[in-house]
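Chain residues, written in single-letter form:
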Amino acid sequence: MPPGWKVTWVPVPVRPSVAGMRRAVFDALALAGRFPHTSALADATVTGALSEAQVLVVDEAQRLPVPCLAYLQSLWDHSGTRITLVLCGAGSERALSRLPQLASRIGAWQEVPRLTGAEVATVVTGFHPLWRTVPAPDLTWIDRSCAHGTFRTWAALTAQPAERAAHHR
């Protein structure tokens, strides 16, 4: 990332609406104060915050209906924002094909293949400290038994123990 850019993870709500997506972006940016009571005020607050260089990472983008994709495009198109959108999720290219004006702005498409057995130990120990003390043969066994080279599965395996550890601090 260029110096000064922030990365913000924007979780996609279940059955997202534009209002839900607007709220998800507001919450992800951890903006001060209460969520504005009108969409115009919420949009002004969000676009103001996005005047600082930001990367918005939206996972499960394949679940976004066209109006939500159009909302994200409006943030990208706004003259006062400095953002890069990273849209993740299997099938995101199909979702984007429903909004050609956003699809035409895609700078790069990236497919993330499964991890090979040789990559697992390096990737997962670099991903989270939870795995740094686990011997490589055990990581290989975990991968063969349940993760099967899928990084998303490794992230899920990491999330629960990491949340419990944070809870007990």
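Anything mentioned here points back to the structure above.
Calculation criteria
- Here, residues in each chain are numbered from 1, in the same order as that chain's written sequence.
- Local features in this predicted model are restricted to residues whose pLDDT is 70 or higher, and side-chain atom pairs enter the listing and the counts only when it is 80 or higher, whereas totals over whole chains, interfaces and linings include all residues.
- For the side-chain quantities, the full set of heavy atoms in the structure was used; hydrogens and water were omitted.
- An axis is simply a line fitted to the C-alpha atoms; with a helix, the fit covers only the stretch in contact. Between two such axes, the angle follows the N-to-C directions and lies from 0 to 180 degrees.
- Secondary structure counts use DSSP, requiring at least four H or I residues in a row for a helix and at least two E residues in a row for a strand, with both numbered from the N terminus.
- Working definition: roughly parallel below 35 degrees, roughly antiparallel above 145 degrees, roughly perpendicular at 65 to 115 degrees, and oblique for all remaining angles.
- What makes a crossing left-handed is the near helix being turned counterclockwise from the far one by less than a right angle; a clockwise turn instead makes it right-handed.
- In what follows, residue pairs with any heavy atoms lying within 4.5 Å of each other are defined as contacts.
- What is meant by a nonpolar core is a set of buried Ala, Val, Leu, Ile, Met, Phe, Trp, Tyr and Cys residues, joined one to another through side-chain atoms within 4.5 Å.
- When a residue's accessible area, from a 1.4 Å probe over protein chains only, is under 20% of the maximum for its type it is buried; when over 50% it is exposed; and in between it is partly exposed.
- For two strands to be treated as a pair, DSSP must find no fewer than two bridges joining them.
- Salt bridges are defined by distance alone: a side-chain nitrogen of Lys or Arg within 4 Å of a carboxyl oxygen of Asp or Glu.
- Throughout, disulfides are identified as pairs of cysteine sulfur atoms within 2.5 Å of each other.

### Looking at the packing of helix α1 (residues 18-28) against helix α3 (residues 66-77)
Phase 1: Running from N to C, α1 and α3 cross one another at 40 degrees; their axes reach a closest spacing of 8 Å. Compared by their axis directions, α1 and α3 come out oblique. The handedness of the crossing between α1 and α3 comes out as right-handed. Across the interface between the two elements, Val18, Met21, Arg22 and Val25 from α1 touch Pro67, Cys68, Tyr71, Leu72 and Leu75 from α3.

### Side note on the nonpolar core
Phase 1: By size, the foremost hydrophobic cluster in this structure holds 27 residues, and its most contacted members are Met21, Val25, Val46, Leu64 and Leu72.
Phase 2: Contributing elements (two or more residues each) for this core: α1, α2 (39-49), β2 (54-58), α3, β3 (83-87) and α4 (92-97).
Phase 3: The contact partners of Leu64, leaving out residues within four places of it in the chain, are Val12, Pro16, Met21, Val58, Leu69, Leu72, Ala95 and Arg98.
Phase 4: Of all hydrophobic cores here, the second largest spans eight residues; its members include Val124, Trp131, Ile142 and Trp154.

### Observations concerning the packing of α1 against α2
Phase 1: α2 packs onto α1 with a crossing angle of 35 degrees between their chain directions and a minimal axis gap of 10 Å. Two packed elements cross with a definite hand, and for α1 against α2 that hand is left-handed. Note on element contacts: α2 touches α1 through Ser39, Ala42, Asp43, Thr45 and Val46, opposite Arg22, Val25 and Phe26.

### Some thoughts on the sheet that holds β3
Phase 1: Strand order in the open sheet made by the three strands is β1-β2-β3, with parallel pairing throughout. At either end of the open sheet lies a strand with only one pairing partner, and these are β1 (6-10) and β3. On average, each strand axis in the sheet is inclined to that of its neighbour by 20 degrees, with strand direction left out of account.
Phase 2: In this structure, β2 lies alongside β3, joined through five bridges in parallel fashion.

### Let's talk about the environment of Phe151
Phase 1: Structurally, the position occupied by Phe151 is in helix α8 (residues 151-167).
Phase 2: Taking C-alpha positions, Phe151 is 35 Å from Arg34, a pair spaced 117 residues apart along the chain.

### A look at the environment of Leu41
Phase 1: Considering the arrangement of structural elements, one finds Leu41 in helix α2.
Phase 2: A residue is classified by how much of its surface remains accessible, and Leu41, at 43% relative accessible area, is partly exposed.
Phase 3: Sequence spacing of Leu41 and Ala53 is twelve residues, and the spatial spacing of their C-alpha atoms is 21 Å.

### Focus on the pattern of salt bridges
Phase 1: On inspection of all chains with the given rule, the structure shows eight salt bridges.
Phase 2: Asp43 serves as the salt-bridge partner of Arg22, at 2.6 Å between the closest nitrogen and oxygen. Linking Arg22 in helix α1 with Asp43 in helix α2, this pair joins segments that are 21 residues apart in sequence.
Phase 3: A relative accessible area of 12% places Arg22 in the buried class.
Phase 4: Arg23 is paired through a salt bridge with Asp27; the nearest N and O atoms lie 3.1 Å apart.

### As for the state of the cysteines
Phase 1: Evaluation of the coordinates by the stated rule reveals zero disulfides.
Phase 2: With no disulfide of its own, Cys68 lies closest to Cys88 among cysteine sulfurs, the gap being 16 Å.
Phase 3: Residue classification places Cys68 among the buried positions, given a relative accessible area of 0%.

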